[in-house]
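The primary structure of each chain is shown beneath.
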Amino acid sequence: MAQTLFIVIIAILIVEFGIERCLALLNIKSSRKSIPAILSGIYDEEKYAKQQDYFRTNTKFGNLTSAFSFVLVLCMYLFGGFGWLDKLVQIYISNEIAQSLVFFGILFLINDIISIPFDWYHTFVIEERFEFNKITPKLFVTDRLKSIALSIILGGSILFLIIWIYSLTPQYFWLLAFGVVTLISLIMGMFYSELIVPLFNKQTPLPEGELRTAIENFVSKVDFKLKNIYVIDGSKRSTKANAYFTGLGPKKRIVLFDTLMEQMNNDEIVAVLAHEIGHYKNKHVLKNYLFSLPFSLLLFYLLGWMLSSDVLAQALGGDKAVFHLNAIAFFTLYAPVSMLLDLSGNVLSRKYEYQADNFAKSHGCGNELVSALKKLSAKSLSNLTPHPLYVFFNYSHPTLYQRINKILS
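Overview of the structure. It should be emphasised that the depicted structure is a prediction, and the values quoted were computed from it without experimental measurement.

## So, the sheet that holds strand β4 (residues 253–257)
(1) Moving on: In spatial order, the strands read β1-β2-β4-β3; together these four strands make up an open sheet with mixed pairing. The two strands at the open ends of the sheet, each matched to only one other strand, are β1 (203–205) and β3 (243–246). For this sheet the average axis-to-axis angle between neighbouring strands, irrespective of direction, equals 30°.
(2) Moving on: Where helix α9 (residues 266–281) meets the sheet, it contacts β3 and β4, and its direction lies at approximately 30° from that of β3.

Laid out in C-alpha cells, this is it:
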C-alpha cells in the first residue's frame with residue numbers, strides 16, 4: 001500500500017510540473033501574436049521589443065527555477081530524503097512537537113538558502129537590466145533576514161499551535177485547528193499594515209493637497225467611510241507602481257505607492273482607488289472569505305483524518321505516523337484538489353474584477369481607469385497577449401484587453 005501511495009505522489013508531482021511547463025510554452029507562443037487594436041499605443045516599437053525581451057527572460061528564468069525545484073523535491077522523494085531527516089531528528093529530539101518544529105524548520109532554512117542565489121540573480125541581473133530594480137544589496141540582505149525571522153516567529157508559532165492541538169485532541173483537531181487559523185487570518189487581515197508592513201516599508205499619511213482632496217471628495221460621493229490614506233516608499237525597491245486597500249472595518253486604509261503618484265495624474269489615481277472601493281462596495285472581501293471557509297474546513301478535516309496513517313509516513317520513508325511526514329504526504333496528495341479550488345477561485349476573482357471596474361465606470365471614472373491600466377501595463381512591461389489557457393489557470397484578474405474592452409463597451 002505504501003509503495004502504491006508513493007507512486008501516486010510521484011505521478012502527481014510529474015503531472016503538475018508538466019502542466020505548468022506546457023502552459024508556459026503556450027504563453028510564450030501566444031506572446032508573439034499581434035497586439036489588439038484597442039491596446040495600440042501602449043508600446044512603441046522600441047518599448048515593445050523591450051517588453052518581449054523582458055517577458056521571455058522572465059519566462060526562461062522561471063522555467064529554470066521551477067525545474068530546479070522540481071528535481072530537488074523529486075530527489076527528496078525518490079531517495080527517501082524526508083524519511084532520512086525524520087530519523088535524524090528523532091535521534092536528537094524525543095518530544096514529538098519539537099521534532100515536527102525542527103523538521104519543518106530545517107526544510108524551511110534549506111529551501112530559503114537555496115533560493116537566495118535565484119532571487120539575487122532575478123533582482124540584481126534581470127530587474128536591474130530592465131531598469132526596475134532600486135533595491136541595494138544591503139537592503140536585500142536585511143529584507144531577507146527580517147523575512148526569515150518573521151517566518152520563524154509567526155509561522156513557527158502558528159505551526160506550534162496546530163501541532164499542539166493535534167497532540168491534545170486528534171479527534172477534534174480539524175475543527176479546532178480550523179478555528180484557530182481562521183481567527184489568526186482575521187487578525188492579520190485587520191492589523192497587517194500596522195504590524196508587518198512597517199518592518200519593511202515606511203508609511204506616511206498622504207499630506208493635504210489636490211490629490212488628498214480629490215480622494216476625499218470621491219469617497220464622500222460614493223458614501224465610503226475612510227480617513228486613513230497612506231503613502232508607502234515602494235520606490236526604494238522597484239520602479240513598479242501599485243495601490244491597494246488593506247485592513248477590515250475601522251482598520252481599513254488606502255495605501256499608495258510613491259511610484260504610482262509619480263507616474264499618474266490625480267484623476268487616474270482616483271480611478272484606481274474607485275476600482276478598489278468597488279471591491280468593498282460589492283462585499284468582495286467578505287464573499288471571498290466566506291467562499292474559502294468551507295474549503296479550509298474540508299482541508300483540515302482531511303488532514304486530521306490522514307495524520308494518523310502509518311502508510312502515509314511509510315510512503316515517505318518513515319516507520320510510523322508522525323505529524324510532519326504525514327502532513328507533507330497529505331499536501332502533495334491534496335495538490336489536484338487545491339488546483340481545482342484555485343481555478344474556481346480565479347474564475348470568481350476575475351468576475352469580481354469586472355464588477356469593481358464597472359463600479360469605477362458607473363461613477364464617471366471609466367476613461368481614467370483605462371488610462372491608468374494602460375500606464376501600469378506599460379511601466380511594468382506586461383504581456384498584452386497571454387494564452388487563454390494560461391489566463392484560465394493562473395490569472396486572478398482578466399487580461400488588460402478584456403478589462404478595457406468591457407469598460408469601453
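## Things to note about the packing of aromatic side chains
(1) Moving on: Taken as a whole and judged by the stated rule, the model has 22 aromatic pairs.
(2) Moving on: Pairing Trp120 with Phe124 gives two aromatic rings, centres 4.3 Å apart and planes at 40°, and the pair type is tilted. Here Trp120 and its partner Phe124 are both found in helix α4 (residues 96–129), four residues apart, which amounts to about one turn of the helix.
(3) Moving on: Relative to Phe331, the ring of Phe330 has its centre 5.1 Å away and its plane inclined at 70°; by these criteria the two rings are edge-to-face.
(4) Moving on: Look at Phe331 and you get partly exposed, because its relative accessible area is 42%.
(5) Moving on: In this structure, Lys240 packs its charged tip against the face of Phe132, placed 4.6 Å from the ring centre.
(6) Moving on: Sitting above the plane of the Tyr354 ring, Lys406 keeps its charged end 5.6 Å from the centroid.

## Topic: the pattern of salt bridges
(1) Moving on: A complete count under the given rule lists 13 salt bridges for this structure.
(2) Moving on: Here Glu131 ties to Lys50 by a salt bridge, and the two come within 3.2 Å at their closest N and O atoms. Residue Glu131 is located in the loop between α4 and α5 (137–168), and its partner Lys50 is located in helix α2 (residues 45–78); the two are separated by 81 residues in the primary sequence.
(3) Moving on: With relative accessibility at 57%, the residue Glu131 sits in the exposed group.
(4) Moving on: With a relative accessible area of 26%, Lys50 lands in the partly exposed category.
(5) Moving on: Residue Arg144 pairs with Asp112 through a salt bridge whose shortest N-O separation is 3.2 Å. Highlighted residues: Arg144 in helix α5 and Asp112 in helix α4, separated in sequence by 32 residues. Like Arg144, the residue Asp112 is buried in the burial classification.
(6) Moving on: Linked by salt bridges that have partners in common, Asp112, Asp119 and Arg144 make up one network.

Conventions used here
Counting of residues starts from 1 at the beginning of each chain's written sequence and follows it residue by residue. Confidence filtering applies because this is a predicted model: local features only for residues at pLDDT of at least 70, side-chain atom pairs given and counted only at 80 or more, and all residues used for totals across whole chains, interfaces and linings. Hydrogens are left out, water is left out, and the side-chain values use all remaining heavy atoms of the structure. Strand pairing requires that DSSP identify at least two bridges connecting the strands. Numbering of helices and strands starts at the N terminus; helices are DSSP runs of H or I of at least 4 residues and strands are runs of E of at least 2. With axes taken as lines fitted to C-alpha atoms, and helix axes fitted only over the stretch in contact, angles between N-to-C directions fall between 0 and 180 degrees. Contacts are assigned to residue pairs with any non-hydrogen atoms lying within 4.5 Å of each other. In summary, the pairing rule links any two rings of Phe, Tyr or Trp, Trp by its six-membered ring, whose centres are within 6.5 Å, and it sorts them by plane angle into stacked for under 30 degrees, edge-to-face for over 60 and tilted for everything else. A simple rule labels every residue: compare its accessible area, found with a 1.4 Å probe on the protein chains alone, to the largest value its type can have, and call it buried under 20%, exposed over 50%, or partly exposed in between. Note on geometry: a ring has a charge over it if NZ (lysine) or CZ (arginine) is within 6 Å of the ring centre and within 35 degrees of the ring normal. Counted as salt bridges are all cases of a side-chain nitrogen of Lys or Arg within 4 Å of a carboxyl oxygen of Asp or Glu.

Take it as geometry only, folks, not as evidence of what the structure does.
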